[in-house]
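A look at the structure
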2 protein chains.
Amino acid sequence: MISPEKHQRMANAIRFLAMDAVEKANSGHPGMPMGCADVATVLFTRYLSFDPKNPLWPDRDRFVLSAGHGSMLIYSLLYLTGYEDMTIEDIKSFRQLGAKTAGHPEYGHASGIETTTGPLGQGIATAVGMALAEKKLADEFGSELQDHYTYVLAGDGCLMEGISQEAITLAGHLKLNKLIVFWDDNGISIDGAISLADSTDQHARFRSAGWNTIAIDGHDPEAIAAAIETAKASDKPTMIAAKTVIGFGAPNKAGTHKVHGSPLGADEIAATRKALGWEDEAFSIPADVLDAWRLAGLRSTKTRKDWEARLAAAEAEKRAEFSRRFAGELPGTLAGAIDAYKKKLAETKPTVATRKASEDALEVINGVVTETLGGSADLTGSNNTKTSQTKSITPTDFSGRYIHYGIREHGMAAAMNGIALHGGLIPYSGGFLIFSDYCRPSIRLAALMGIRVIHVLTHDSIGLGEDGPTHQPVEHMAALRAIPNLMMFRPADATETVECWQVALETKDRPSGIALTRQNLIPARTEYEERNLCAQGAYELISASDAKVSIFASGSEVEIAMQAQQQLEAKGIPARVVSVPCFELFFEQDADYQEAIIGHAPVNIAVEAGIRQGWDAIIGSTGTFIGMKSFGASGPAKELYKHFGITADAVVAAAEAKLA
Amino acid sequence: MISPEKHQRMANAIRFLAMDAVEKANSGHPGMPMGCADVATVLFTRYLSFDPKNPLWPDRDRFVLSAGHGSMLIYSLLYLTGYEDMTIEDIKSFRQLGAKTAGHPEYGHASGIETTTGPLGQGIATAVGMALAEKKLADEFGSELQDHYTYVLAGDGCLMEGISQEAITLAGHLKLNKLIVFWDDNGISIDGAISLADSTDQHARFRSAGWNTIAIDGHDPEAIAAAIETAKASDKPTMIAAKTVIGFGAPNKAGTHKVHGSPLGADEIAATRKALGWEDEAFSIPADVLDAWRLAGLRSTKTRKDWEARLAAAEAEKRAEFSRRFAGELPGTLAGAIDAYKKKLAETKPTVATRKASEDALEVINGVVTETLGGSADLTGSNNTKTSQTKSITPTDFSGRYIHYGIREHGMAAAMNGIALHGGLIPYSGGFLIFSDYCRPSIRLAALMGIRVIHVLTHDSIGLGEDGPTHQPVEHMAALRAIPNLMMFRPADATETVECWQVALETKDRPSGIALTRQNLIPARTEYEERNLCAQGAYELISASDAKVSIFASGSEVEIAMQAQQQLEAKGIPARVVSVPCFELFFEQDADYQEAIIGHAPVNIAVEAGIRQGWDAIIGSTGTFIGMKSFGASGPAKELYKHFGITADAVVAAAEAKLA
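Residues numbered from 1 in each chain as written. Chains lettered and ligands numbered in written order. Predicted model: local features only at pLDDT ≥ 70, side-chain atom pairs only at ≥ 80, totals over all residues. Heavy atoms only, no water.

An unreviewed UniProt entry lists chain A under the name Transketolase, from Agrobacterium albertimagni AOL15. Looking at the Catalytic activity (unreviewed entry) heading of the UniProt record, one finds this comment for chain A: "D-sedoheptulose 7-phosphate + D-glyceraldehyde 3-phosphate = aldehydo-D-ribose 5-phosphate + D-xylulose 5-phosphate". Recorded in UniProt under Subunit (unreviewed entry), the annotation for chain A is "Homodimer." (UniProt positions renumbered as here; feature names shortened; annotations may be inferred.)

Here is the structure:
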């Protein structure tokens, strides 16, 4: 049992590490760690199940610092509890180039950082995915292997962002009762008092979403403990509103927005040392306090060992499955299943929309890859993301493999991040390509973190027709290709679709988006080919000796490129066609491959029912682009293609004009 | 007074127009218009203050169909109430290429469409801006000139989207009591029953945000009327939950998701005709019903005339100001004020961050342009969007000109759209460039609609330093430049900053984003120049005869380009520098201008602390790009520039290598 005095000193250790690190960096946010030190101390010394020596232990509790600007809170905790890769030198290097202790907590920089946070609201929404994954895996593997809590520390900013509403209503609906969110109720944001901009009754709001809520004094250790106990016993997710003083301890600045995002300054730090009775110099933690913290870090060792014993005692197949899935390894049978499916496609040569081809591919994949967890943002029948294996999950039955995410693209994408980060599952889900804009911040975070989430993005051009420009992505392929480390696929037929799926699944350290058509496409590939041609990003689909024209295209426009090639051939103009399902992968190939694929035809033409931006890298700035220059329009798809001049005739005319 | 029978027939007119138009188009959403026909009939025949003969009358009530997929509802209403530009032929052309009656309602296609909707949640959030504008203008011009309601019809999808939370908490906080939202509570979404994905108590949720809520039978005309009366008397915004049956009247499909987004089919339509006792053929409205509707369209003529009389009687200066502002014309004194400010800049030659330069420019602008309405998403001190003229608006005092939007980028951007659409005000507001991702759907809609909203987007590169990659935009300039019709500016110094502001303000029919630095920049322009050089998108900043190298740059990298130019000159290599503050405008110049600016130097180099995508159009795909290839990192700004190789030395080395 930790005495009130010892608690206070342990909490103050966080406060001084935070204010001293921010001061040294001359940059950062001291107020939040100082305000939340008591909550964090109670959580980490008495409740959180974690093991600094085994930071990836699959059944650990997850802790998400949604208010990521308070990064010194988690860095302090990691150092104090004894994570070996977080030293006092790392703390001293706060916010310096190359340091683990980046301005905001970054996944992969140090153990114990469960997700990258900073963009507000992302943490709480990601945590919903973690809690969802836990509930799903507990259903599948039993509570002996999965039985942990997910804790979140969120600020006012997290709760004002719209994504938080999507997250809390999803969590409430699914009764994720092992999700416990602390709201750092300090009444202050950057502009000043919260009352400048908001009057929301957060308790009533969370309760309207099916949550349990508790209000406490965030500086009273026993109240914090009691709230956690109550939350753990609840059959609903719980929001604990912890009334705190931002910058707690700073005599002159506490409770004001001045302490939010700026160093306190030497004078105020000295005054705080005096006020809190802290005599140690910067970055020096008294031995008794550090010992107490290190002891807290050892607290869950037995729990972890007991869990390991249960895993070891589990039935062999179950153990192997559990271990394989947490290692992120795919079943060995996937490649064979895909190969067989590709052979079948070479025979049946289906004319299908790629969204339907994706469903067919998923039918094969989901039959083998037991860890896929599908879903859609209320477009199941349009995205074709549900297969025979993926029964819907309901609040009371998690045996399914499909989430009806509702009309919550942003919450969905963040939850997918959380599911992937949790481990044991591979999330994929569906939406319209146009609405990638609604969840772009979460897609970006997935790319920054390097995690395997797969976005099925259908209705990928003016080819969707009558829904019109509000629903027709024009700039979205370019905008998504712009995100570093994101693999954006746009397959041209059923064979390319399954190949793109295969690359997406086999790439453990990057997210993917797969753009798919609403409309039917004739097959681009009609011969069986063992190799995954899409894995190189672009490849020659139709070759021609002494080609005068190279036509590059992706997705639905490959059909147009092929028609144009035939017309050109009929006119005696040799042309080749290159399919470009993934820019990102193509530009990672060696220079020789890139040069060979780009070729040396005197005329380069690209066709894509989107904007030109990005294509110059392939066709050169003097190449011809057949695509969109404006927003789309409402009308039947075929008429739109004609109207916007994206036709084989236009390609042929452009080629002839250039050759003339 | 309309009898219950007449009401029923009038509502059925909507139902049959909707189902027949969808059937003819073989595409569309009949369920929502059929379900909401009663609500719409009561609203349009008894409450909505509107005049089809004067659709732009500034004091009309605004009606926003947030559930934009139910577009046939508003098209039917516009036709029935007698808007001259909505004929029965337009209804018959539903969803055809070139028709006014697009798949989703598009602002500008026909009178009476107050905003483009379809992307869910945008309508309700845009309406918040309209109601905010009304309250602001009522404060400024008095209730004799501004005193109208804003009505919204929203579906479950609108309320599930996170943006709705930002919108309703902002509206509740600001006590926008003349905002009345109907929630089409039909319990159905595309995937099936709402209960598949959501369990939110919407009444409790809205009340938590400071709203009044009412539950009614959405098919009971008197209940609908009573609810509107109650709402109008409330001192809070009101949400009226209208329990409806989706596809009301269709005997076999009503109340199911089958009627949401597909034609009913000939058989079901015939059955509906029988069930509702409707004997007229498709697109034929019985004369008595059409007469009754046309009469409803004339209902507010007197109200409009009375308003015109009040405007005519108003004090001359007030009348002129009101009229000028609703015409969207800037004060004639702006150009002179900006010119004087530019002269001053040429003298003082300030080294400032462009965010600070923007504040200084705004200080000049806000002193002259009385209709600007500023704000920030809780980053006032960082975005520098508040000037001496812009006192904060509070729930009880709308005399200010500044909105603390809170940490609600998406709700803010949509509200800005609503403010611009309402008329009488020019909204500008601030956020970090990185968080443009959070509000991208609303920025896109502004571009699609062609409206004047101005986004101040600060902290525009790795130059923000320690906050790290979660806060450093790398792909955002490219991603925003990809949006058609959006002017994305990135000025290089104080002079360019005010020039970009001037273009943004003077362009009535397009939105702008102005990307600004956190860090100080030395002036690029030191001589007074009367012309607005930024208006052409790119211009030669430093010329050189027989230039061997052309260096193109935007924003903070213009400084680097200029340093490199000096270094090259010292080495005897003539080089020129082109500043590129706006791609969109540059590529709209004539070919001669573009060619002259791009020039013919053997070596082209672009420098921008972002990704290359888009720059090939200027430097060619063989040009050299000095910029980012990955996400950024946390560290001091100067170190980051060196780390990522964005330096004058790198430009010089690249130039020399190419020339060697």
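Still more ground to cover, so stick around.
Now for the relation of the copies chain A and chain B. The transformation that overlays chain A on chain B combines an axial shift of 0.0 Å with a rotation of 180°, and the residual RMSD is 0.0 Å. The transformation relating the two chain copies, once decomposed into turn and shift, fits a two-fold axis. Within chain A, glycine 162 of chain A has its C-alpha nearest the rotation axis, a separation of 1.9 Å. Same-surface contact between copies: 100% of interface residues of chain A are shared with the interface of chain B. (Least-squares fit on C-alpha atoms with pLDDT ≥ 70 in both. Contact = heavy atoms within 4.5 Å.)

It is worth spelling out the packing of aromatic side chains at this point. All names here are of chain A. Tallying each qualifying case throughout the model produces 36 aromatic pairs over all chains. Judged by centre distance (5.1 Å) and plane angle (10°), the rings of phenylalanine 16 and tryptophan 278 are stacked. On the criterion of sequence distance, the pair formed by phenylalanine 16 in helix H1 (residues 4-25) and tryptophan 278 in the loop between helix H10 (266-276) and helix H11 (287-298) is long-range, its members being 262 residues apart. Taking the relative accessible area as the measure of exposure, phenylalanine 16 reaches 2% and is therefore buried. For the pair phenylalanine 141 and phenylalanine 322, a centre-to-centre distance of 5.1 Å together with 90° between the ring planes defines the contact as edge-to-face. Of this pair, phenylalanine 141 sits in helix H5 (residues 122-141) while phenylalanine 322 sits in helix H13 (residues 316-327); the two residues are 181 residues apart in sequence, bridging distant segments of the chain. Phenylalanine 322 gets classed as buried once you look at its relative accessible area, which sits at 2%. What links up through ring pairs into an aromatic cluster is the set Phe583, Phe586, Phe587, Tyr593, Trp615 and Phe625. (Phe/Tyr/Trp six-rings, centres within 6.5 Å; stacked < 30°, edge-to-face > 60°. Helix = DSSP H or I, 4+ residues; strand = E, 2+ residues; numbered from the N terminus. Buried < 20%, exposed > 50% of the residue type's maximum accessible area, 1.4 Å probe, protein only.)

What follows deals with the state of the cysteines. Using the criterion set out here, one finds 0 disulfides over all chains in the structure. Among the cysteines around cysteine 582 of chain A, which has no disulfide bond, cysteine 500 of chain A carries the closest sulfur, lying 7.3 Å off. Given a relative accessible area of 0%, cysteine 582 of chain A falls into the buried group. There is no disulfide at cysteine 439 of chain B, and the cysteine sulfur nearest it, in cysteine 439 of chain A, is 15 Å away. (Disulfide = S-S within 2.5 Å.)

Before going further, it helps to examine the confidence of the model for chain A. Considering every residue of chain A, the mean pLDDT works out to 98; 100% of them sit at 70 or more. With pTM at 0.98, the complex prediction returns an ipTM value of 0.98. (pLDDT = per-residue confidence, 0-100.)

Residues and elements named next belong to chain B. Helix length check: helix H20 (residues 494-506), at 13 residues, gives a terminal C-alpha distance of 18 Å against a target of 18 Å (1.5 Å per residue), a fit within 8%. Counted residue by residue, H20 has 12 buried out of 13 residues, so it is predominantly covered. Along H20, the positions that sit buried rather than exposed are Ala494, Thr495, Glu496, Thr497, Val498, Glu499, Cys500, Trp501, Gln502, Val503, Ala504 and Leu505. Of the residues flanking the start of H20, the one acting as N-cap is aspartate 493, its side-chain oxygen 3.1 Å from the backbone nitrogen of threonine 495. (Expected span 1.5 Å × (residues − 1). Polar contact = N/O pair within 3.5 Å; in protein donor to acceptor, adjacent residues only side chain to side chain.)

The next point concerns the UniProt feature "binding site: thiamine diphosphate" (unreviewed entry) in chain A. Summarizing the sequence annotation, UniProt attributes the feature "binding site: thiamine diphosphate" (unreviewed entry) to His69, Gly118, Pro119, Leu120, Gly157, Asn186, His260 and Phe435 of chain A in the numbering used throughout. Across 367 residues in sequence, these annotated residues place their C-alpha atoms as far as 34.2 Å from one another, rather than forming a single compact spot. Not counting chain neighbours up to four residues away, the residues in contact with proline 119 of chain A comprise Leu445 of chain A together with Phe435, Tyr438, Thr470 and His471 of chain B. Following the sequence through the fold, histidine 260 of chain A ends up in the loop between strand E7 (238-243) and H10. Every residue in contact with histidine 260 of chain A, bar those within four places of it in the chain, is listed here: Gly28, His29, Pro30, Gly31, His69, Ile190 and Ile246 of chain A.

This part covers the sheet that holds strand E19 (residues 603-607) of chain A. All names here are of chain A. The strand order across the open sheet formed by 5 strands is E16-E18-E17-E19-E20, and the pairing between neighbours is mixed. Pairing within the sheet leaves two strands with one partner each, and these edge strands are strand E16 (539-542) and strand E20 (624-626). Going across the sheet, the axis of each strand differs from the next one's by a mean of 30°, ignoring polarity. Of the strands in this sheet, E16, strand E17 (549-553), strand E18 (575-579) and E19 touch helix H21 (residues 557-570), which is tilted by about 165° from E17. Its contacts with the sheet place helix H26 (residues 648-659) against E17, E19 and E20, and it is angled at close to 160° to E19. (Pairing = 2+ DSSP bridges. Axes fitted to C-alpha atoms, helices over the stretch in contact; angles between N-to-C directions.)

The next subject is the interface of chain A and chain B. The interface of chain A with chain B comprises 91 residues on the first partner and 91 residues on the second. Its largest share of buried area at the contact with chain B, chain A owes to Leu97, Tyr438 and Arg444 of chain A, together 10% of the area lost on that side. Between chain A and chain B we count 8 salt bridges in total. With its nearest N and O atoms 2.6 Å apart, the salt bridge here joins arginine 444 of chain A to glutamate 475 of chain B. Counting across the interface, chain A meets chain B through 47 residue pairs in polar contact (both at pLDDT 80 or more). (Buried area = accessible area lost by both parts, 1.4 Å probe. Salt bridge = Lys/Arg side-chain N within 4 Å of Asp/Glu carboxyl O.)

Let us now look at the nonpolar core. Residues and elements named next belong to chain B. In this structure, Trp501 and Ile646 are the most contacted members of the largest nonpolar core, which totals 84 residues. Of the residues forming this core, the biggest block, 7 residues, is contributed by H20. Each of domain 2 (333-515) and domain 3 (536-659) gives at least three residues to this core. Not counting residues up to four positions away in its chain, the partners in contact with isoleucine 646 are Ile462, Glu557, Ile560, Val607, Ala609, Ile626, Gly627, Met628 and Tyr641. (Core = buried A, V, L, I, M, F, W, Y, C linked by side-chain atoms within 4.5 Å. Domains from an automatic or database assignment.)

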